[in-house]
Amino acid sequence: MLTGGCLCGAVRYAIDAPVTELRACHCTNCQKSTGTAGSVNAVIPSAAFKLTQGAPNRYSSKADSGRTLNRYFCGDCGSPIYSQRTETPETVVVRAGTLDDSSGMRITAHIWTKSARPWGYIAPGTTQHPGQPDAPAR
Ligand SMILES: [Zn+2]
Ligand SMILES: [Zn+2]
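About the thresholds
- Residues numbered from 1 in each chain as written.
- Chains lettered and ligands numbered in written order.
- Predicted model: local features only at pLDDT ≥ 70, side-chain atom pairs only at ≥ 80, totals over all residues.
- Heavy atoms only, no water.
- Helix = DSSP H or I, 4+ residues; strand = E, 2+ residues; numbered from the N terminus.
- Buried < 20%, exposed > 50% of the residue type's maximum accessible area, 1.4 Å probe, protein only.
- Contact = heavy atoms within 4.5 Å.
- Polar contact = N/O pair within 3.5 Å; in protein donor to acceptor, adjacent residues only side chain to side chain.
- Donors = N, O, S within 2.8 Å, 3.2 Å for Na, K, Ca; no water.
- Core = buried A, V, L, I, M, F, W, Y, C linked by side-chain atoms within 4.5 Å.
- Tetrahedral: all angles 85-135°; square planar, octahedral: opposite > 155°, others 65-115°.
- Pairing = 2+ DSSP bridges.

Quick look at the environment of M105
Position of M105 among the secondary structure elements: in the loop between β9 (91–95) and β10 (106–111). Assessed through its relative accessible area of 15%, M105 is described here as buried. For the pair M105 and E21, spaced 84 residues apart in sequence, the C-alpha to C-alpha distance is 5.8 Å. Residues within four places of M105 in sequence aside, it is in contact with L2, V19, T20, L22 and L99.

Focus: the side chain of H26
Here H26 shows up in the loop between β3 (21–25) and α1 (28–34). For H26, a relative accessible area of 4% translates into the label buried. A polar contact of 2.9 Å, which involves the side chain of H26, links it to the side chain of H110. When neighbours within four sequence positions are excluded, H26 is seen to be in contact with Q31, A37, H110, I111, W112, T113, S115, A116, Y121 and I122.

Focus on the coordination of the zinc ion (ligand 2)
Only C25 (SG), C27 (SG) and C30 (SG) from the protein coordinate the zinc ion (ligand 2), and they sit 2.1 to 2.3 Å from it. Taken in chain order, the donor set of the zinc ion (ligand 2) reads C-x1-C-x2-C. By the burial criterion, C25 is buried, and C30 matches it.

What to know about the nonpolar core
By size, the foremost hydrophobic cluster in this structure holds 21 residues, and its most contacted members are I15, I44, F49 and V94. Every element with two or more residues in this core is listed here: β2 (12–15), β4 (39–45), β8 (80–85) and β9. Apart from the residues lying within four places of it in its own chain, the contact partners of I44 are I15, V19, F49, E90, T91, V92 and V94. C25, C27, C30 and I111 belong to the second-largest nonpolar core, a separate cluster that totals five residues.

So, the coordination of the zinc ion (ligand 1)
Each donor-metal-donor angle in an ideal tetrahedron of four donors is 109.5 degrees, and each such angle in an ideal octahedron of six donors is either 90 or 180 degrees. Of the protein atoms, only C6 (SG), C8 (SG), C74 (SG) and C77 (SG) coordinate the zinc ion (ligand 1), at distances of 2.3 Å. In this structure, the zinc ion (ligand 1) is coordinated by four donor atoms arranged in tetrahedral fashion, with angles at the metal of 106 to 113°. Every donor residue of the zinc ion (ligand 1) comes from the same chain, spaced as C-x1-C-x65-C-x2-C.

Focus on the sheet that holds β3
As summarised here, the arrangement of the eight strands in space is β6-β7-β8-β9-β4-β3-β10-β11, forming an open sheet in which the pairing is mixed. Single-partner strands in this sheet number two, and they are β6 (57–62) and β11 (127–128). In terms of strand pairing, β10 meets β11 through two bridges, oriented parallel. Paired with H110 across the two strands is Q128, which belongs to β11.

Some thoughts on the side chain of S61
Along the chain, S61 turns up in strand β6. What makes S61 buried here is its relative accessible area of 14%. The residues touching S61, leaving out its near neighbours within four places in the chain, are N29, R67, T68 and L69.

Here you go:
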């Protein structure tokens, strides 16, 4: 069982699924929402994700694709915690920096590299998509 939470500790969650692969998103919305080069995420089935404490706030916005992305964050400290698409509720995308322990995890894919900041590091040899791949929600 993996656990994680926000900076102040008001929101806590548990993940009952193995996580080994992380995906980095360099889209401009993730840059704004995190204040950094983008987001690094664990894509997991919603059934394996459970909030164990607190209730995050939600910010929803439409992507270029027309799909709605709901971003959940702590209303007290502002930590981005996870996101979920309205159209794909079966998947949750957890911000990896909120995990208590990331042992054995690594970034295996980068998406939206066409909008990557020049100072956003992309390790050589990782899979890169210029935009949104067909696969799961960002
Ligand atoms: Zn917090
Ligand atoms: Zn993004």
